[in-house]
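Observations on chain architecture
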Amino acid sequence: MTYSKLFNFKTVGFRAVGAASILALAACAGETESKKVEPVEITVSEINQPVDSADAFTYANYQDVRTTHLDLNLDVNFDRKVLDGTITLDFERINDDADMLILDTQDLTIESVETLDSGNWIAVSYGLSSEDPNLGQALTIPLSETAEKVRISYETSPDAKGLQWLSPSQTAGKVHPYMFSQGQPIYARTMAPVQDTPAVRITYSAKLTTPPELVALMSASQDPNTPRDGEYEFDMPQPIPVYLLAFAVGDIDFKAINDHIGVYAEEYILDAAAEEFSETPEMEVANVELYGPYRWGRYDLIVLPPSFPYGGMENPRLSFLTPTLVAGDKSLTNVVAHELAHSWSGNLVTNATWRDSWLNEGFTSYVENRIMEALYGEDRAIMEQALDMQNLKRSLTEAPSPAYTHLKLPEDLENLDYAFSLVSYLKGANFLFFLEDRFGRERFDPFLAGYFDSYAFKSVTTEDFLTYLDENLRNRFPDVVSDAEIDAWVYGPGLPDTVRKPVSNAFTKVDNYRADWANGNISASDIPTQEWTTHEWLHFLNNMPEKITMEQMTALDETFNFTGTSNAETAFAWYMLAIKNDYKPAMPELRKFLVSVGRGKFIYRLYGALKDNGKKAWAEKVYETARPGYNPIAQDRIDAILGK
Ligand code: BES
Ligand code: ZN
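Just so it is clear, the model here is predicted, and its values are computed rather than measured.

The next point concerns unusual backbone geometry. The residue after Gln-184, namely Pro-185, is reached through a cis peptide bond having omega -5 degrees. Within the secondary structure, Pro-185 sits in the loop between β11 (178-181) and β12 (202-209). Even without a glycine there, the phi angle at Lys-330 is positive, about 60 degrees. With respect to the element layout, Lys-330 can be found in the loop between β20 (318-321) and α5 (334-341).

What follows covers the coordination of the zinc ion (ligand 2). The zinc ion (ligand 2) binds to the protein through His-338 (NE2), His-342 (NE2) and Glu-361 (OE); the donor distances cover 1.9 to 2.1 Å. With a relative accessible area of 8%, His-338 lands in the buried category.

Let us now look at the pattern of salt bridges. Pairing between side chains of opposite charge can happen when their charged atoms approach one another. This model, assessed by the stated rule, comprises 34 salt bridges. Residue Asp-196 pairs with Arg-189 through a salt bridge whose shortest N-O separation is 2.9 Å. For Glu-436, the salt bridge goes to Arg-370, with nearest N and O atoms at 3.6 Å. In this pair, Glu-436 sits in helix α8 (residues 422-439) while Arg-370 sits in helix α6 (residues 358-376), placing the two residues 66 residues apart along the sequence. Like Arg-370, Glu-436 is buried.

This part covers the environment of Pro-133. Looking at where Pro-133 falls in the secondary structure, it is placed in the loop between β7 (127-128) and β8 (137-142). In sequence terms Pro-133 and Trp-344 are 211 residues apart; their C-alpha atoms lie 33 Å from each other.

Reading guide: rules and limits
- Residues numbered from 1 in each chain as written.
- Chains lettered and ligands numbered in written order.
- Predicted model: local features only at pLDDT ≥ 70, side-chain atom pairs only at ≥ 80, totals over all residues.
- Heavy atoms only, no water.
- Helix = DSSP H or I, 4+ residues; strand = E, 2+ residues; numbered from the N terminus.
- Donors = N, O, S within 2.8 Å, 3.2 Å for Na, K, Ca; no water.
- Buried < 20%, exposed > 50% of the residue type's maximum accessible area, 1.4 Å probe, protein only.
- Salt bridge = Lys/Arg side-chain N within 4 Å of Asp/Glu carboxyl O.

In structure tokens:
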């Protein structure tokens, strides 16, 4: 049993804090009228709606009591690699009889818990459940009838899964340390005690104290001209799920792209990143035209250190990006389109549980492709669909059981990694392509815009979406799509035969040249590659015959200089081929790649391929050097791959 709750709250006792400390706390209760906290006004009923389908990955009793606002006051301590301070939580009682607030925590040291009761802060005795390796510990806080707020003093652990602390030598500038967070899916609980479920939305405010020479950023309002002084304040007035709570602290500079879009990065890559992502404003316009207003104020990007384990993360107002997107030719900016698209699908309308993650990632992958089409034309959009389709087909064969290829993931989903397989992303996107093809864009586009508007700032389930689809599209145009077709997509395995089949003429040409070359009819230098885009190169490499001779590998490398290429996607595709074909000349550069890039999409499969192709010992040696630089999330995954 991995991700399932280990106990039932009603029947199993909590490991309460020691009796002595309860007495001590009780003794000073009433005297602890400490810091004054300004009340924050929020209209709760607008934020949350009851969600009947429970989230299995939280201990929170969010059906009874729901947190509505968080106020953080934290010291970012690089010496001890901890966040240290207080969180104050506002809450709303859904069930009037509720006498307890239950929060998620993981690897936190709780120093005290107080409630604001009739104007006084009173220390209360709290409970901590035994620790589950994946879910952490439930923190139970008794609430009197008059309790209004909860305040918790705590600190994080240096090993917090959601925080990475880099030493100066692990940064590009080499002078200052760096810290960044990753909350999705359930790591916010390693940063603060919270109701860590996407079913609950909170607004937040925060005060961070950092060394004065560093800049702190959050997924919240920020003025790019804030002076560097080590005291930073943030406000997030729109309600978000806590997995979108995010921090980045370091020697970070800013460059504007327009009046409300810009890039944060370490200096070494700032200009290149601003150039690479210079079309973000056009992406925003395309998104707004299709799906309605951008509701978050500023939209900034931050290029993180190379150990950032994702291509991008859609933290609101401030998408986090890997530096491997900065290819010099804007060929990988679909990731920006993707993270921006989450400002509608995911951040505005959020999956209520991780079993519904296709509502976030599938919708976003669909919108991403529409944006790429709007900016760069149909050819590029179709190439991206075709590359995606191949990856999806591979991913479908890797599912542990057919139920993991349903869009609505199984009730007994144990490992959250499966909520983020390409099934959620690309089967999800393809379900929407199917609906678009059937209903036509003239009906489907306004329908989606209406969905984002109707559920703005709400958390929804797959069933909510299907009901909305019935009421707003299927009932009006009843013979377009059958129940059986919908069922096959959402609750059935694999890819229904109603799937769109993308055909790229450019890729067909690549296929023909590849075949001619593989058969020995032409040599590598005869292939007219001058005009090829990264997409064509990827299609060329991803569809090589199973086995290629050493002479052929050498000819490819000598003609096209794949080994050591600066485009991370092309490099990855080439190194996968090199590993399978035991092409040794690529190994020193592959080693460099693995030590310098921590993006999971690349390194998980590279380590896996090394292991599967008799190179486990070599992989382990590289990993020994690389591991300290990887993000904790990536360390866990590769530990598992290499059986550590
Ligand atoms: N939300 C995801 C990143 C994520 C996935 C975080 C799983 C935690 C768990 C983000 O929006 C994303 O999907 N990023 C992709 C890029 C995209 C173009 C497919 C990535 O990181 O590669
Ligand atoms: Zn995404």
